[in-house]
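Topology and contacts: notes
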Amino acid sequence: MKRYILKRLFLLVPTLIGITLITYMIVRFTPGDYTSLRLDMQMGLKTTAASKEILDQERRLYGLDKPWYVGYMDWLGKFCTLDFGTSRKDGRPVSERIGDALPITLALNLITMLIVYVISIPLGIAASVKKDSLFDRVSSLALFILYSLPTFWIALLLLMFLSSGEYLNLFPLGGITSDTMTGAGFFPLAGDAAWHLVLPVITLTYGSFAFLSRYTRANMLEVINQQYITTARSKGLSEPRVIMVHAFRNSLIPLITLMATLLPGLLGGSVIVESIFSIPGMGMLAFEAILARDIPVIMAIEAISALLTLGGILIADLSYALVDPRIRLETKI
Amino acid sequence: MKKGFWQGAWKRLKKNRFAMAGLAVVCVLLFIAAAAPLIANSRPYIYIAEERVYFPLFFDYPELRERDLRSAEFSGFKIFPPVPYSYSEYDLDSIVLPPGPKHYLGTDEQGRDLAARMIHGTRISILVGFIAVLIYVSIGIVVGSLAGYYGGAVDLVVSRLIEIMMCFPTFFLILTILALWGPSLASVMVVIGITSWPGIARIVRGEFLRLKEGDYVMASRALGARDSWIIFRHILPNSLAPVLVSATFGIASTILTESSLSFLGFGVQPPTPSWGDILNQFRDFIDFAWWLTLIPGFAIFITITAYNLLGEGLQDALDPKSAGRK
């Protein structure tokens with residue numbers, strides 16, 4: 001096990017270099033001098049003394065005046081000390097802006113994941129137990145349709161019909177809290193936030209049910225055909241016990257490792273959902289940065305979310321190896 | 001034997017009603033995309049004036065150029081396409097009209113006919129779907145087969161590359177590159193193409209790892225076959241089935257990506273019509289102009305569903321074992 005972990009950690013080094021290098025290269029080799037381009041375009045400024053200062057500062061940050069490998073090393077050095085530069089939009093440190101946005105997105109994604117797992121795992125188990133029944137077919141078709149509905153379209157429709165005032169006005173148009181709620185107690189505030197989160201959470205969850213429940217179902221079917229299930233049945237155990245204890249627990253492993261791979265999707269998907277519902281999380285920060293060509297913020301988000309995902313994959317790999325000895329014996333990655 | 005495999009798969013696919021429905025929708029979409037200028041065009045197929053016959057849609061006539069043949073001024077016999085509007089012409093007298101007899105799907109804020117824009121938007125979706133998937137399937141096959149066949153150092157490098165690409169939040173990465181490098185139809189296809197290959201590469205690599213141990217590969221090698229012969233003749237054809245399935249799902253997700261990008265304003269640029277862009281432009285009218293939201297979104301939904309159903313069907317048809325297990 002120790003050898004496996006060491007090997008796995010060692011292999012992280014090239015991946016880390018690759019992630020940061022690609023992030024740097026995208027900005028470095030943008031056609032034209034993006035720094036001046038951006039200032040002229042967005043602020044309509046001629047190169048005044050103040051904007052020149054910002055430019056020079058950024059040129060230094062990305063080492064644009066040096067060869068790319070020196071620039072990369074410098075940037076990487078600052079990145080490692082969590083110095084991501086300052087946002088062009090409001091001059092605040094990027095780390096501070098990310099610090100504000102990250103908890104909101106994480107909370108939103110945790111709620112989403114929780115709901116997705118709570119709904120789709122039982123659905124998948126039920127479908128696998130009653131394989132090919134009417135329930136199995138109807139639920140799989142319904143989930144399939146949900147899966148194919150474009151997120152941004154559903155978000156628009158929900159806004160249009162449930163919170164525009166033209167049809168029904170049940171939910172707020174966006175944001176995560178009402179302006180009127182400042183200074184209210186914990187419970188009213190939490191209730192208000194929950195009320196704001198209903199539509200975004202619906203939009204984020206509905207498409208993931210299909211994938212996870214079908215995954216559960218396939219895994220369960222694989223396990224149910226194993227001999228130890230037959231043994232458990234022939235021992236005279238009750239069917240619920242066979243399904244929940246013997247079968248489900250053995251199909252759990254891939255489900256846990258799946259969590260790590262869902263992470264980038266949830267982060268990427270939130271660009272659309274967060275900007276439609278004006279939720280000030282990572283997705284909206286990312287999109288605003290893109291609209292304003294706010295390079296420091298873009299680079300930081302790009303690299304940080306890639307690193308988070310890498311962390312997720314690593315945890316998944318290690319926990320897989322922990323529960324399944326075959327993997328660490330093979331040490332094939 | 002190879003033939004038998006594909007024939008058997010087709011036979012199994014034909015029995016799957018959902019997959020066939022998906023295939024039918026895909027064929028209709030391909031037809032609409034191919035024939036878009038013939039279905040929605042402001043110029044008639046045929047126009048018979050007093051002394052001569054014109055085919056304005058097919059040929060260019062100097063005397064008819066820049067003239068609106070729909071007006072009463074041209075009184076002869078005319079046959080127009082089903083949607084007698086082009087996608088870019090605007091009519092400020094009829095803005096934001098609901099669907100009606102004149103404009104089947106209504107008009108937008110500039111009085112452009114929505115039906116014409118939807119029909120021409122089909123081209124963009126299909127084009128981006130196919131070309132981008134073609135790009136990344138090609139990259140994935142090359143990279144994946146090299147890694148799977150040669151193993152060792154090549155595999156180590158490729159596996160790291162795959163891991164690196166899988167870590168990036170793909171949609172945001174695409175958005176960033178397009179924002180910095182300038183969005184256009186071509187760049188959308190290329191950027192989706194070069195960022196989405198790791199999935200295919202992983203599949204191909206896995207297939208190669210599995211197949212290269214096969215007896216027929218050993219036999220071929222013993223007979224002195226070159227690597228390229230073994231790769232292209234023996235292993236690759238046998239690893240194409242899962243690639244085909246994945247590519248079909250890939251077209252669905254690429255169409256979704258394209259429309260999401262256009263919806264955010266970083267995809268295909270106006271006036272080129274794209275379903276996502278139509279949805280984007282009318283976010284302001286969302287209160288009352290329901291047709292500008294419902295119709296393009298529904299088109300995207302139907303297209304994605306069709307490709308996904310087809311992909312599902314292919315998966316079951318090409319891998320009878322997994323279908324049996326279900």
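Residues numbered from 1 in each chain as written. Chains lettered and ligands numbered in written order. Predicted model: local features only at pLDDT ≥ 70, side-chain atom pairs only at ≥ 80, totals over all residues.

In terms of regular secondary structure, chain A is built from 13 helices and 0 strands. Each helix (α) and strand (β) of chain A, taken in turn from the N terminus, gives the series α-α-α-α-α-α-α-α-α-α-α-α-α. In chain A, buried positions account for 35% of the 333 residues. Contacts in chain A between residues at least 24 apart in sequence constitute 67% of all its contacts with a sequence separation of at least 6. (Helix = DSSP H or I, 4+ residues; strand = E, 2+ residues; numbered from the N terminus. Buried ≥ 20, exposed ≤ 12 C-beta atoms within 10 Å, placed from the backbone. Contact = placed C-beta atoms within 7 Å.)

The next thing to look at is the overall build of chain B. When its secondary structure is counted, chain B shows 13 helices and 3 strands. Taken along its principal axes, the extent of the C-alpha atoms in chain B is 80 × 45 × 40 Å. Put simply, chain B has 326 residues, and 45% of those count as buried. A fraction of 69% describes how many contacts in chain B between residues 6 or more apart in sequence connect residues 24 or more apart.

Notably, Ser278 of chain A is not glycine yet its phi reads approximately 45°, a positive angle. Looking at Ser278 of chain A, the number of C-beta atoms within 10 Å reads 14, which means it is partly exposed.

Residues and elements named next belong to chain A. One can read the domain layout of chain A as domain 1 (2-80) and domain 2 (99-327). Between domain 1 and domain 2, the contact holds 13 residues from the first and 13 residues from the second. When contributions to the side of domain 1 that touches domain 2 are tallied by element, the ones reaching two or more residues are α1 (2-28) and α2 (34-43). At 9 residues, α1 tops the list of elements feeding residues into the side of domain 1 that touches domain 2. Here the residues of the side of domain 1 that touches domain 2 sort into 7 nonpolar, 4 polar and 2 charged. (Domains from an automatic or database assignment. Nonpolar A, V, L, I, M, F, W, Y, C, P; charged D, E, K, R; others polar.)

All right, on to the environment of Gly144 of chain B then. Residue and element names in this part refer to chain B. Turning to its location among the elements, Gly144 is positioned in helix α3 (residues 114-150). You can call Gly144 buried: it has 27 C-beta atoms within 10 Å. Linking Gly144 and Ala201, residues 57 residues apart in sequence, is a C-alpha distance of 4.1 Å. If we ignore the near neighbours within four places in the chain, the residues touching Gly144 are Ile200, Ala201, Arg202, Ile203, Val204, Arg205 and Phe208.

Further remarks concern the interface of chain B and chain A. Across the contact, 34 residues belong to chain B and 37 residues belong to chain A. At the level of elements, α4 (152-167), α5 (170-181), α10 (240-264) and α12 (290-318) of chain B are the ones that each hand at least two residues to the side of chain B that touches chain A. Ranked by residue count, the leading element in the side of chain B that touches chain A is α5 of chain B, at 10 residues. A breakdown of the residues in the side of chain B that touches chain A according to their chemical character gives 20 nonpolar, 8 polar and 6 charged.

In this section: the sheet that holds strand β1 (residues 46-48) of chain B. Residues and elements named next belong to chain B. Ordered in space as β2-β1-β3, the 3 strands form an open sheet in which the pairing is antiparallel. Only two strands of the sheet have a single neighbouring strand rather than two, namely β2 (53-54) and β3 (77-79). Bridge analysis of β1 against β3 gives 3 bridges, and the strand direction is antiparallel. Bridging across to β3, Ile48 finds its partner in Phe77. (Pairing = 2+ DSSP bridges.)

Residue and element names in this part refer to chain B. Over its 12 residues, α5 extends 16 Å from the first C-alpha to the last, a length consistent with the 16 Å expected when each residue adds 1.5 Å. Here α5 lies mainly inside the structure; 11 of its 12 residues are buried. Within α5, the full set of buried residues consists of Thr170, Phe171, Phe172, Leu173, Ile174, Leu175, Thr176, Ile177, Leu178, Ala179 and Leu180. Directly beyond the C-terminal end of α5, a positive phi value near 95° is found at Gly182. (Expected span 1.5 Å × (residues − 1).)

With that settled, consider the nonpolar core. Residues Ala155, Ala286, Ala300 and Ile301 of chain A together with Ile174, Leu175 and Leu178 of chain B are the most contacted members of the largest nonpolar core, which totals 128 residues. No other element matches α3 of chain B, which puts 15 residues into this core. In terms of domain composition, this core takes at least three residues from each of domain 1 (2-80) and domain 2 (99-327) of chain A. Ignoring sequence-local partners within four residues, the contact set of Leu175 of chain B consists of Val271 and Ile290 of chain A together with Leu261 and Phe266 of chain B. One finds Ile125, Val242, Ile243 and Phe248 of chain A within the second-largest nonpolar core, a separate group that totals 8 residues. (Core = buried A, V, L, I, M, F, W, Y, C linked by C-beta atoms within 7 Å.)

Moving on: the confidence of the model for chain A. With 76% of its residues at a pLDDT of 70 or more, chain A shows a mean pLDDT of 76. Contacts of residues 39-46 of chain A to residues separated by more than four positions or lying in other chains number 7 contacts, the stretch itself having pLDDT below 50. (pLDDT = per-residue confidence, 0-100.)

Before going further, it helps to spend a moment on the environment of Ser208 of chain A. Residues and elements named next belong to chain A. The residue Ser208 is located in helix α8 (residues 186-224) in this model. On the basis of neighbour count, Ser208 is assigned to the buried category, with 23 C-beta atoms found within 10 Å. With 13 residues separating them in the primary sequence, Ser208 and Leu221 have C-alpha atoms 20 Å apart.

What follows deals with the packing of helix α2 (residues 17-39) of chain B against α12 of chain B. Residue and element names in this part refer to chain B. At their nearest, the axes of α2 and α12 sit 7 Å apart, and the two run at 135° to each other. By the criterion of interaxial angle, the relationship of α2 to α12 is oblique. Here the hand of the crossing between α2 and α12 comes out left-handed. For the pair α2 and α12, contact is made by Phe18, Ala19, Ala21, Gly22, Leu23, Val25, Val26 and Leu29 and by Ile302, Thr303, Ala306, Tyr307, Leu309, Leu310, Glu312 and Gly313, respectively. Class assignment for the residues of the contact of α2 with α12 results in 12 nonpolar, 3 polar and 1 charged. (Axes fitted to C-alpha atoms, helices over the stretch in contact; angles between N-to-C directions. Parallel < 35°, antiparallel > 145°, perpendicular 65-115°, else oblique. Left-handed = near helix turned anticlockwise from the far one by under 90°.)

Residue and element names in this part refer to chain A. Relative orientation of the contacting elements helix α6 (residues 134-148) and α8 amounts to 135°, with a least axis distance of 7 Å. For the element pair α6 / α8, the angle class is oblique. Two packed elements cross with a definite hand, and for α6 against α8 that hand is left-handed. Each of Ser140, Leu143, Phe144, Leu146 and Tyr147 in α6 lies in contact with α8, whose residues at this interface are Tyr206, Gly207, Phe209, Ala210, Phe211, Ser213 and Arg214. Per-class residue counts for the contact of α6 with α8 are 8 nonpolar, 3 polar and 1 charged.

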